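Structural description and commentary
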Amino acid sequence: MSDMTVGDYLVERLYQWGVRRIYGYPGDGINGVLGALNRAGGKIRFIQARHEEMAAFMASADAKFGGGLGVCLSTSGPGASHLLTGLYDARLDHVPVLAIAGQQARTALGAHYQQEIDLPAMFKDVAGAFVQQASAPAQVRHLVDRAIRSAIGERKVAAIILPNDLQEAPYSEPPRTHGAVLSGIGYSRPKIVPYDADLQRAAEVLNAGSKVAILVGAGALQATDEVIAVAETLGAGVAKALLGKAAVPDDLPWVTGAIGLLGTEPSYKLMNECDTLLMIGSGFPYSEFLPEEGQARGVQIDLKPDMLSIRYPMEVNLHGEAGETLRALLPLLEKKSDRSWQQQVEAWRADWDRTLEERAMAAADPINPQRVAWELSPRLPERAIITSDSGSCANWYARDIRMRRGMMGSLSGGLASMGAAVPYAIAAKFAHPDRPVVALVGDGAMQMNNMAELITVAKYWSQWQNHQWICCVFNNQDLNQVTWEQRVMEGDPKFEASQNLPDVPYHRFAELIGLQGIFCDREDQVAAAWEQALAADRPVLLEFRTDPNVPPLPPHIKLEQAKAYASVLLHGDPDQAGIIKQTAKQVLGSILPGHRKDKR
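Owing to the predicted nature of the structure, the values given are computational and were not obtained by experimental measurement.

Focus on the overall build of the protein chain
Check the secondary structure of the protein chain and you find 23 helices and 18 strands. By the compact-globule yardstick of 25 Å for 600 residues, the protein chain fits well, its C-alpha radius of gyration being 25 Å. Taken over 600 residues, the protein chain has a buried fraction of 57%. Nonlocal contacts in the protein chain, meaning residues at least 24 apart in sequence, comprise 75% of its contacts between residues at least 6 apart. Side chains of the protein chain give 58 positive and 69 negative charges; the mean places of these two sets differ by 4 Å.

Okay, here's the thing in structure tokens:
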């Protein structure tokens, strides 16, 4: 051990914990660890992002798609502060991530030294599971062990801060003396299941219901078969929070799809007409889209007790892992012979499918953005992974992409940050290099930070086993989701100074860095563009010129929203003619005679 530096020891200890990938960006504050990674001969792969924020997003996505611990690394000062947004993404979505940040030399701390930031204080909120700054070589062992065990066990973010002089110091094991700590490696997730009495109480509530609605989130992603079995037994309909989009396949006729502002009409009806609600592994935030208080009896299953009964007052709260709890609950459930409720849900869903197609196929200028996602959905390869950015593209991901069994998908859920789709898609490829990956991105997020990460794709793609990696850009030269929020929520017309975006030839940028670029501005070429992209021998930037005036309609338009929108039209909007035309097509199209024939 005497010739091993603290940096060498850190890398070896991470390897012993099972870490195989670290996403990050170099700097002199972390050089001791980078040198150790180099000396380790590839035992842990360092993946160089273009920006530390993107590295943290990649670590978050790696934890989501890979099922283990995501790890990111940065230098001191600005490198460490750049990590925060991606780390908050992990924290709010309850995924385990370890951040390792450099720091100035121990002898300089407190001297207002260059790039000196109080990193423990800065990380304290986001790394609530564990954050510590090392001060001695013998301390590093237990810092690594406790940070990783805390992150994995609590599904939170942990942070370790290493002064640069400490990284290069000789490593020494903790002495067997008072004040020293001798820690160990290893963690096995426990089986967490409620007591039998609580399961029985839950079963009594669910058995008594005649109109059962199930809402699943990310906590149900590993419980697909169990959710299906419960839904079939109870004759229930199943709605999905966005992070639980892949929890149950959309080819089941009683799956109503997404819920909330980005949700579907059958999900809205499911929640408004049910008499019993079973919520599984979801922290879906918008209570107004859940049953009205007192309307439905509630049962909730969640691994985190602080998420129980916080969105809807539940009658029975079950603290447990979704799959294990549902397996224990199933034998107590009575199979409902009356299937009229589930048949009603299926009818809503079938009617919604027709509405979705009508909306997607309604002509726009030049391309209806819904059609982009609608044409992709049946063409997605088996086991594809789909990522979405925040913004209006998330509406089309939520509604028009149908998940099949074996697919995966995610986005920045709790934080809803722009700029996550491309780093998510990169991490998905490192976690599963044999699987096709598609990222759906708005032009605002591309200009914010995602264009730069295409360079990361260009750097690494040839090493991926499967080369299918597509970044789909909705180019409408508008920060579209916020524009519509201004109109519908605030009653304000589009503010061009804040909302208009410069037109950028994204596909040509991709070509400049060795990727394939495809541009499409014709609706009759959308399907062919997707087929070309999916057949490419390298990653593709597929750019669609879409119409910003197609409204991302909520599943139910409230009176307040209608009044606000009317106010916009009354006072005038820069795109008034276009939004009136497209709103009429989307809202009134299904009841206008000859709508399906009259595309213009």
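Considerations on the UniProt feature "domain: Thiamine pyrophosphate enzyme central" (unreviewed entry) in the protein chain
As annotated in UniProt, the feature "domain: Thiamine pyrophosphate enzyme central" (unreviewed entry) corresponds to residues 199-329 in the numbering used here. Strand forms 21% of residues 199-329 and helix 29%; the C-alpha atoms that close the span are 6 Å apart.

Notes on the nonpolar core
The biggest cluster of nonpolar side chains holds 62 residues, and the ones touching the most others in it are Leu87, Phe123, Met446, Trp469 and Cys471. Summarising the domain contributions, this core has at least three residues from each of domain 1 (6-168) and domain 3 (362-591). Setting aside residues no more than four positions away along its own chain, Trp469 makes contact with Val422, Ala425, Ile426, Lys429, Val437, Leu454, Val457, Trp464, Pro539 and Val540. Counting residues in each nonpolar core, the second largest holds 52 residues, with Val227, Leu252, Cys274 and Met314 among its members.

A short note on the sheet that holds strand S6 (residues 157-163)
One open sheet accounts for 6 strands, arranged S2-S1-S3-S4-S6-S5; its pairing is parallel. Of all strands in the sheet, those with a lone pairing partner are strand S2 (45-48) and strand S5 (130-133), marking the two edges. Strand-to-strand, the axes of this sheet are offset by a mean angle of 20°, without reference to chain direction. Sheet topology places strand S3 (residues 70-74) next to strand S4 (residues 97-103); 5 bridges connect them, and they run parallel. Looking at the pairing, Leu73 lines up with Ile100 of S4.

Here is what the cut-offs are and how they apply
- Residues numbered from 1 in each chain as written.
- Predicted model: local features only at pLDDT ≥ 70, side-chain atom pairs only at ≥ 80, totals over all residues.
- Heavy atoms only, no water.
- Helix = DSSP H or I, 4+ residues; strand = E, 2+ residues; numbered from the N terminus.
- Rg over C-alpha atoms; globule rule 2.2 N^0.38 Å.
- Buried < 20%, exposed > 50% of the residue type's maximum accessible area, 1.4 Å probe, protein only.
- Contact = heavy atoms within 4.5 Å.
- Lys, Arg positive; Asp, Glu negative; His and termini not counted.
- Charge placed at Lys NZ, Arg CZ, Asp CG, Glu CD.
- UniProt positions renumbered as here; feature names shortened; annotations may be inferred.
- Core = buried A, V, L, I, M, F, W, Y, C linked by side-chain atoms within 4.5 Å.
- Domains from an automatic or database assignment.
- Pairing = 2+ DSSP bridges.
- Axes fitted to C-alpha atoms, helices over the stretch in contact; angles between N-to-C directions.

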